Amino acid sequence: MTVSKIKAAIAGVGNCASALLQGIYYYKNRPDGDRAGLMHPSIGGYVPGDIEIVTAFDIDRRKVGKPLHEAIFASPNCAEVFIDLMEASSVIVKKGPLLDGMSDHMNAYPEDRRFLLTEEPECDVVAELTNSGAEILINFLPVGSAQATEFYADCALKAGVAFINCIPVFIGSDPVWAAKFEQAGLPVIGDDIKSQVGATIVHRVLTRLCEERGARIKHTYQLNVGGNTDFLNMLNRERLAMKKVSKTEAVQSQLETPLKDENIHIGPSDFIPWLNDNKVCYIRMEGTEFGGVAFDLELKLSVQDSPNCAGVVIDIIRCCKLALDRGLSGPLPSVAAYTMKHPIVQYRDDEARERMELFIAGKIEK
């Protein structure tokens, strides 16, 4: 079967964009056909190399006006470089609107760690999406960018492109926005990416394990530290309201009786510059087992944050393309439940995975 290219646009040329672009090129050029690291080597006949980024938007002067293959390695990006040579891109990064995309506290940090606003004029995002031929817009903006995310979601509607929301601003899981995409005949998948082997999926699985094995959790926390711009941005606690809701609900949804707020704490903890894109997660669970005997569990997870994200996004893009091919619109609950922390419908992970496989096979509509 011959498949077409998947033409995608990116809002936010940060570390996740860097890992995604590297990954597309990496898997396209594996000489031995090795697809290790992919959840799905092929989705509906689409392989990673079928994804083509046709336009990109950012606000940083080290990226705007630069070819995309150079911009993904520009400061303050610090994602691990896992390819020897990046394929040249003819895409020039355009300036999008700033809105609430940058927190003022970042100005107190060294230039190689923070954003530097370009003085280039803003482009017409809707026109750029239309002229580039983009079918899908992927939102990689910083956490807390509510106004900017809604701006790009609205641009997607006006340009007639699908929307993938990788950050904790509620678009795909919000009934009002969901209805807008439904009425426009466009798919939307969100919100807040659930990484390949990340803190949320591990915490969810452990929580469900305790529930199914009859152990009762009394207290749990998840603390995360890292050194990329995402963690620097999140030092502004005012930007974390939706992030905490998203991550906490993802774990609470695995319990028959949710914990009281005072007994569960999930969220980013601190910015440690020398960690760069390394994210370190600490999970603790305290509870009781048979006979009311106490147990406690502690886990440390250390991952490269951005490839961990891109390993899921590369599947979401291809599922979104399947939805476009099939003429589907609005949220895709089965895809979102397996790939996002805050989907419009929460399923347990085994059921979510089964539903996503059924969607890919065309056995359920959404």
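Residues numbered from 1 in each chain as written. Predicted model: local features only at pLDDT ≥ 70, side-chain atom pairs only at ≥ 80, totals over all residues. Heavy atoms only, no water.

**Q** Sorry, what's going on with the overall build of the chain here?
**A** If you tally the helices and strands in the chain, you get 11 helices and 11 strands. Across the chain, the fraction of contacts at a sequence separation of at least 24, relative to all contacts at a separation of at least 6, is 78%. If you sum the accessible surface of the chain, you get close to 15400 Å²; carbon and sulfur atoms cover 50% of it. Averaging the coordinates of the 39 positive side-chain charges in the chain and doing the same for the 49 negative ones gives two points 2 Å apart. (Helix = DSSP H or I, 4+ residues; strand = E, 2+ residues; numbered from the N terminus. Contact = heavy atoms within 4.5 Å. Areas by Shrake-Rupley, 256 points an atom, 1.4 Å probe, with all protein chains shown as cover. Lys, Arg positive; Asp, Glu negative; His and termini not counted. Charge placed at Lys NZ, Arg CZ, Asp CG, Glu CD.)

**Q** It is not clear to me how the side chain of Lys341 should be interpreted in this structure. Could you clarify?
**A** Among the secondary structure elements, Lys341 is positioned in the loop between helix H10 (333–339) and helix H11 (349–360). If sequence neighbours within four positions are ignored, Lys341 has contacts with Asp191, Asp192, Ile193, Lys194, Thr200, Lys243, Ser246, Lys247, Ala250 and Gln346.

**Q** Would you mind going over the packing of aromatic side chains with me for this structure?
**A** For any pair of aromatic rings, the description consists of the separation of the ring centres together with the inter-plane angle of the planes. Within this structure, the stated rule accounts for 6 aromatic pairs. On the numbers, 5.9 Å between centres and 85° between planes, the contact of Tyr109 with Phe271 is edge-to-face. Within this pair, whereas Tyr109 is found in the loop between strand S3 (94–95) and helix H3 (125–132), its partner Phe271 is found in strand S8 (residues 264–271), the two being separated by 162 residues in sequence. By relative accessible area, Phe271 is classed as buried at 10%. With 6.1 Å between their ring centres and 20° between their planes, Phe163 and Phe181 make a pair best called stacked. (Phe/Tyr/Trp six-rings, centres within 6.5 Å; stacked < 30°, edge-to-face > 60°. Buried < 20%, exposed > 50% of the residue type's maximum accessible area, 1.4 Å probe, protein only.)

**Q** Please clarify how the sheet that holds S3 should be interpreted in this entry.
**A** As summarised here, the arrangement of the 7 strands in space is S3-S2-S1-S4-S5-S6-S11, forming an open sheet in which the pairing is parallel. Each edge of the open sheet is held by one strand with a lone partner, namely S3 and strand S11 (330–331). Strand direction decides the pairing type here: strand S2 (residues 51–58) and S3, joined by 2 bridges, are parallel. For Phe57, the partnering residue across the bridge sits in S3 and is Lys94. Where H3 meets the sheet, it contacts strand S1 (6–11), S2, S3 and strand S4 (136–139), and its direction lies at approximately 165° from that of S2. Along the sheet, helix H4 (residues 146–159) contacts S1, S2, S4 and strand S5 (162–165); its crossing angle with S5, the most-contacted strand, is approximately 160°. (Pairing = 2+ DSSP bridges. Axes fitted to C-alpha atoms, helices over the stretch in contact; angles between N-to-C directions.)

**Q** Would you mind going over the packing of helix H1 (residues 15–28) against helix H9 (residues 305–325) with me for this structure?
**A** For any two helices packed against each other, the geometry is given by the interaxial angle and the distance between the axes. Relative orientation of the contacting elements H1 and H9 amounts to 65°, with a least axis distance of 8 Å. For the crossing formed where H1 meets H9, the hand is right-handed. When H1 is examined against H9, the residues Asn15, Cys16, Ala19, Leu20 and Ile24 are found in contact with a partner set consisting of Ser306, Pro307, Cys309, Ala310, Val313, Ile314 and Ile317. (Left-handed = near helix turned anticlockwise from the far one by under 90°.)

**Q** How should the nonpolar core be read in this particular structure?
**A** Within soluble globular proteins, side chains that are nonpolar generally end up buried alongside one another. Counting residues in hydrophobic clusters, the biggest one holds 55 residues, and the most contacted among them are Leu20 and Ile138. When residues in this core are grouped by element, the largest group, 11 residues, is from H9. Leave out the neighbours within four places in its chain, and Leu20 touches Ile10, Ile138, Phe140, Ala310, Val313, Ile314 and Ile317. Listed in part, the 25 residues of the second largest apolar core include Ala9, Leu157, Phe163 and Ile171. (Core = buried A, V, L, I, M, F, W, Y, C linked by side-chain atoms within 4.5 Å.)

**Q** Honestly, the sheet that holds strand S7 (residues 216–226) in this entry has me stumped. Any pointers?
**A** Within a sheet, adjacent strands bond to each other through the backbone by hydrogen bonds, running parallel or antiparallel. Taken together, 4 strands build an open sheet; the order of strands is S8-S7-S9-S10 and the sheet is mixed. Among the strands making up the open sheet, the edge pair consists of S8 and strand S10 (294–304). If you compare each strand with its neighbour and ignore which way they point, the axes differ by 15° on average. Along the sheet face, helix H8 (residues 241–252) touches S7, S8 and strand S9 (278–288) and points at about 140° away from the line of S8. H9 rests against S9 and S10 of the sheet, and its axis sits at about 90° to S10.

**Q** Just checking my understanding: could you explain the environment of Gln346 for this structure?
**A** Relative to the assigned elements, Gln346 resides in the loop between H10 and H11. Taking the relative accessible area as the measure of exposure, Gln346 reaches 28% and is therefore partly exposed. For Gln346 and Gly327, which are 19 residues apart along the polypeptide, the C-alpha to C-alpha distance reads 24 Å. Each residue touching Gln346, except ones within four places of it in the same chain, is listed here: Arg204, Glu249, Ala250, Ser253 and Lys341. In terms of polar contacts, Gln346 uses its side chain to reach the side chain of Arg204, at 3.1 Å. Polar contacts involving the side chain of Gln346 include one to the main-chain carbonyl oxygen of Lys341, which spans 2.9 Å. (Polar contact = N/O pair within 3.5 Å; in protein donor to acceptor, adjacent residues only side chain to side chain.)

Don't take any of this as a statement about function, it's just geometry.
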